[in-house]
Amino acid sequence: MDLGLKDHVALVTAASRGLGKAAAMEFAREGAKVAICARSDQLAGTTEEISDRTGAEVLAIRADLTKPDDIQTLVQKTLERFGQIDILITNAGGPPPGGFLNLRPEDWEAAVELTLMSAVRLCYAVIPHMLERGEGSIVATQSYSVKQPIDHLILSNSIRLAVIGLMKSLANELGPKGIRVNSINPAWTWTERVQELMTDRANRNQTSIDEEISRVTAELPLGRMATVEEFGRAVVWLASPAASFIHGHALMFDGGAIKAAL
Ligand code: NAD
């Protein structure tokens, strides 16, 4: 299937590694021009890797998504270089783990900045441009925790729902103006972060990484974690013109983890 992405411009945030990088790689494979950002030194290597493997034009901008000025600069530089933004993928690092009693109000404020306000600010920065052109597509990467709380991840369980509310509301407001808005909600997908989490659990529980992976995958009907390539294909399809009637949708990318009928 042709996803219709040739020469489209996709801005993918938090993309030096993991899910963001996988999305950027897949957009590039589909012939899109890609702008990526992250805070880390890995960004330059990732940019080179994506352009070497796909031949696509990739713009890397160092930005911290908790800093409003960085978000403005990120969008401005993308527009200066490519002249347009067709697709925005809002993605960010995960909020820290913890239960209610392990955390303090300051942790909640920091997580709101990282998870909710980064999406809000990215939308404020990009939407005026999309409105001017009368088209665009926005996808927020969140988590399957929006359907069912995950133990010891109360910040993710709580604040990501606000992002889903934002996306559903934007879908109503912006659909009539030609802008599609959706979210994608992954369960366990093998990234460096997940590898770090499994290592941490193995150390804390005095088990092996394989044992910890087995515990997680026992909950998934497909019996395994997703690969980043699978995630890349799903998010790129959802954002692309090929999914032109999918709007206001929270796509569960979860290998069947959520068992509810609807
Ligand atoms: P990761 O840690 O491997 O990658 C995170 C990326 O975010 C990196 O590129 C990092 O540099 C960047 N980043 C972090 N904080 C940033 C900031 N303040 N400003 C700019 N960039 C920043 O994580 P991942 O596994 O790719 O997950 C990405 C997101 O998806 C996270 O929010 C995570 O909680 C969520 N998620 C992941 C999974 C999974 O199984 N991998 C499942 C559900 C939800």
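Presented here is a report on the structure given in the accompanying data block. As the structure is a computational prediction, the values presented were derived from the model and not from experiment.

Broken down by element type, the protein chain carries eight helices and seven strands. A compact globule built from 262 residues would reach a C-alpha radius of gyration of about 18 Å, and the protein chain, at 18 Å, matches this within 12%. Dimensions along the principal axes, computed over C-alpha positions, put the protein chain at roughly 55 × 40 × 40 Å. A total of 262 residues make up the protein chain; the buried ones form 49% of that total. Entry remark: accessible area of the protein chain is about 12,700 Å², with carbon and sulfur atoms responsible for 51%.

As a further point, take the sheet that holds strand β2 (residues 33-38). Spatial ordering of the open sheet is given by β3-β2-β1-β4-β5-β6-β7, a layout of seven strands whose pairing is parallel. Edge positions in the open sheet fall to β3 (58-62) and β7 (250-253), since each of these has one partner strand only. The sheet shows a mean angle of 15 degrees between the axes of neighbouring strands, direction not considered. Bridge count between strand β1 (residues 9-12) and strand β4 (residues 87-90): three bridges; the pairing is parallel. The residue bridging Leu11 from the neighbouring strand is Leu88, located in β4. Of the strands in this sheet, β2 and β3 touch helix α2 (residues 42-54), which is tilted by about 170 degrees from β3.

This brings us to the pairing of β4. Along β4, one buried face is formed by Ile87 and Ile89 and the opposite face, lined by Leu88 and Thr90, is buried too. Strand direction decides the pairing type here: β4 and strand β5 (residues 136-141), joined by four bridges, are parallel. Within β5, the residue paired with Thr90 across the bridge is Ala140.

The next thing to look at is unusual backbone geometry. One non-glycine residue, Ala14, lies in the positive phi region at around 50 degrees. Here Ala14 shows up in the loop between β1 and α1 (18-29).

Moving on, we get to the nonpolar core. In this structure, Leu11, Leu88, Ile138, Met167 and Val181 are the most contacted members of the largest nonpolar core, which totals 40 residues. At the level of elements, β1, β2, β3, α3 (68-82), α4 (105-133), β5, α5 (154-174) and β6 (179-186) are the ones that each hand at least two residues to this core. Of all the elements, α4 adds the most residues to this core, at 11 residues. Residue contacts for Leu11: discarding those within four places in its chain leaves Ala35, Leu74, Val75, Thr78, Ile85, Ile87, Leu88, Ile89 and Val126. Among the nonpolar cores identified, the runner-up in size contains 33 residues, and Leu3, Ala15, Ala56 and Val139 belong to it.

As a further point, take the site of the ligand. Every one of the 27 residues lining the ligand counts as a neighbour, but Ser16, Leu19, Ala92, Thr189 and Thr191 are closest to it. Take Ala187: an N or O atom from its main chain is 3.2 Å from an oxygen atom of the ligand. Taking Thr191, its side chain carries an N or O atom lying 2.6 Å from an oxygen atom of the ligand. Protein contact buries 92% of the 830 Å² of open area that the ligand shows by itself.

Basis of the calculations
Residues numbered from 1 in each chain as written. Predicted model: local features only at pLDDT ≥ 70, side-chain atom pairs only at ≥ 80, totals over all residues. Heavy atoms only, no water. Helix = DSSP H or I, 4+ residues; strand = E, 2+ residues; numbered from the N terminus. Rg over C-alpha atoms; globule rule 2.2 N^0.38 Å. Buried < 20%, exposed > 50% of the residue type's maximum accessible area, 1.4 Å probe, protein only. Areas by Shrake-Rupley, 256 points an atom, 1.4 Å probe, with all protein chains shown as cover. Pairing = 2+ DSSP bridges. Axes fitted to C-alpha atoms, helices over the stretch in contact; angles between N-to-C directions. Contact = heavy atoms within 4.5 Å. Core = buried A, V, L, I, M, F, W, Y, C linked by side-chain atoms within 4.5 Å. Near = heavy atom within 4 Å. Polar contact = N/O pair within 3.5 Å; in protein donor to acceptor, adjacent residues only side chain to side chain.

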